[in-house]
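Residue-level structural notes
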Amino acid sequence: MHHSATNELSILLVLAFIIFISPYFSKISKIPIAPIEIILGILFGFFGFIPQSELFRIVAEVGFFYLMFLAGTEIDLKSFFKIEKSVIKLVLSYIAILYILAVLLSILISPAFLVVIVVPLMSVGILSTLFKEYGKNEPWLNLAMITGSIGEVISIVIITMVGAYVEFGDNAQFYNSIYYFILFMVLCVLGFKGLEVLFWWYPNLKVLLMPHYDKDEKDIRLSMALFFATVAVMIYLNLEIAFGAFIAGSFIATFFDHKKDLPHKLGSFGFGFLVPTFFVYIGSTVDLKSVFMPGVLSNAFLMLVFMTVIRVASSVIFLKRLGSLDSLLFGLSLSMPLTLLIATATIAYNAGNISQELYFSFILASLFEAIVALTMIKFIFFLKSMLKG
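In short, a report on the structure. Remember, it's a predicted structure, so these values are computed and weren't measured experimentally. (Residues numbered from 1 in each chain as written. Predicted model: local features only at pLDDT ≥ 70, side-chain atom pairs only at ≥ 80, totals over all residues. Heavy atoms only, no water.)

A look at the pattern of salt bridges
Condition: One side-chain nitrogen of Lys or Arg within 4 Å of one carboxyl oxygen of Asp or Glu is enough to make a salt bridge. Helix numbering and strand numbering both begin at the N terminus, where a helix is a DSSP run of H or I of at least 4 residues and a strand a DSSP run of E of at least 2. Categorising residues by exposure relies on relative accessible area from a 1.4 Å probe, with only protein chains included: less than 20% of the type maximum marks a residue as buried, more than 50% marks it as exposed, and the intermediate range marks it as partly exposed.
Under the definition given, this model contains 6 salt bridges. With a shortest N-O distance of 2.4 Å, Glu54 and Arg57 are connected by a salt bridge. Of this pair, Glu54 and Arg57 both sit in helix α3 (residues 54-72), 3 residues apart, roughly one helical turn. According to the relative accessible area criterion, Glu54 is partly exposed, its value standing at 49%. Overall, the relative accessible area of 26% leaves Arg57 in the partly exposed class. With its nearest N and O atoms 2.6 Å apart, the salt bridge here joins Arg57 to Glu61. Of this pair, Arg57 and Glu61 both sit in helix α3, separated by 4 residues, roughly a single helical turn. Residue classification places Glu61 among the partly exposed residues on the basis of a relative accessible area of 37%. Where salt bridges share partners, they join Glu54, Arg57 and Glu61 into one cluster.

Let's talk about helix α17 (residues 338-350)
Spacing of three or four residues puts side chains on the same side of an α-helix, whose turn is 3.6 residues. For the record, the criterion: The span expected for a helix works out to 1.5 Å for each residue beyond the first.
The end-to-end C-alpha distance of α17 is 18 Å, a good match for the 18 Å that 13 residues give at a rise of 1.5 Å each. Leu338, Thr339, Leu340, Leu341, Ile342, Ala343, Thr344, Ala345 and Ala348 are the residues of α17 that are buried. Looking at the residues trailing α17, positive phi occurs at Gly352, about 80°.

Structure below.
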């Protein structure tokens, strides 16, 4: 058998095993599935069962874009206009404090630009899994979801801008990217406004595009068409594809809210195949031997401490609204930006802005953050329940 075919066969068999077994490991260890998939990717990669493959890398990239698309489906833009102004002020103040603290921290730690981007990063990926365990009636969790959603949009915009700068430098191409990005944002705003008016005048059009009962799966087909079309536009404009995928997902959530089961259907496919492929691939890029190189573990630990402490400290502004324990739970629930932390590390590493050792530190920090934050949330929630009882 041809060498590359043998490699791909090995990858397929390992993927099949990891995708199947991860939920069971997750249930036993009480760790979310994503970190488990990364850890298994590291281990299988170390023992040579996941060889280098361009096809595997491409499928993993598609998995990441689809993950960002799914993150977008968590955000109904119309719902943001219904949030109390006092809540929005608190949320924006919290995010502003994070960035101010990150700027102060960047004076002490280098590379400074990366510290400013990484420390305030937010992602609703793992945060959304907390609803399964703690329900939708916890004030700290609902507030964290609003904050995480706004923070994720800001994070993705910054990553998009920095990604363009890293790729092109301070030249005409970079300014062209900024121009196209602004143009894309303006078109998105006009598109959202235009569709809002259209669907207001013709409400049945939504049901026509995505019927309640449909054996042809038109809802999935339209979602996929929108996902691929947006990806194509971002490639053409040379912008960050993840941002376009995120916008496409939020479009689905905003205008097709009558399809309550659609996010679940889209997630079933994504979390059953594409997304695990991305996490396993990321794990396979980490050389286990290099983890013990000088600075890798210490940098990962410092990132964990800085990113957690800064979020918990900033959550003090919610003390009046949530109380001490819920404010602490709020801060910890936003301390798991696993997907965006990995995305930022990958962009910086591929562009040669960070060393391989620092890249490994980022991956390990993302794992440690998820495990530590989830363990602490579980303990504090139990403590809260005991005090109430």
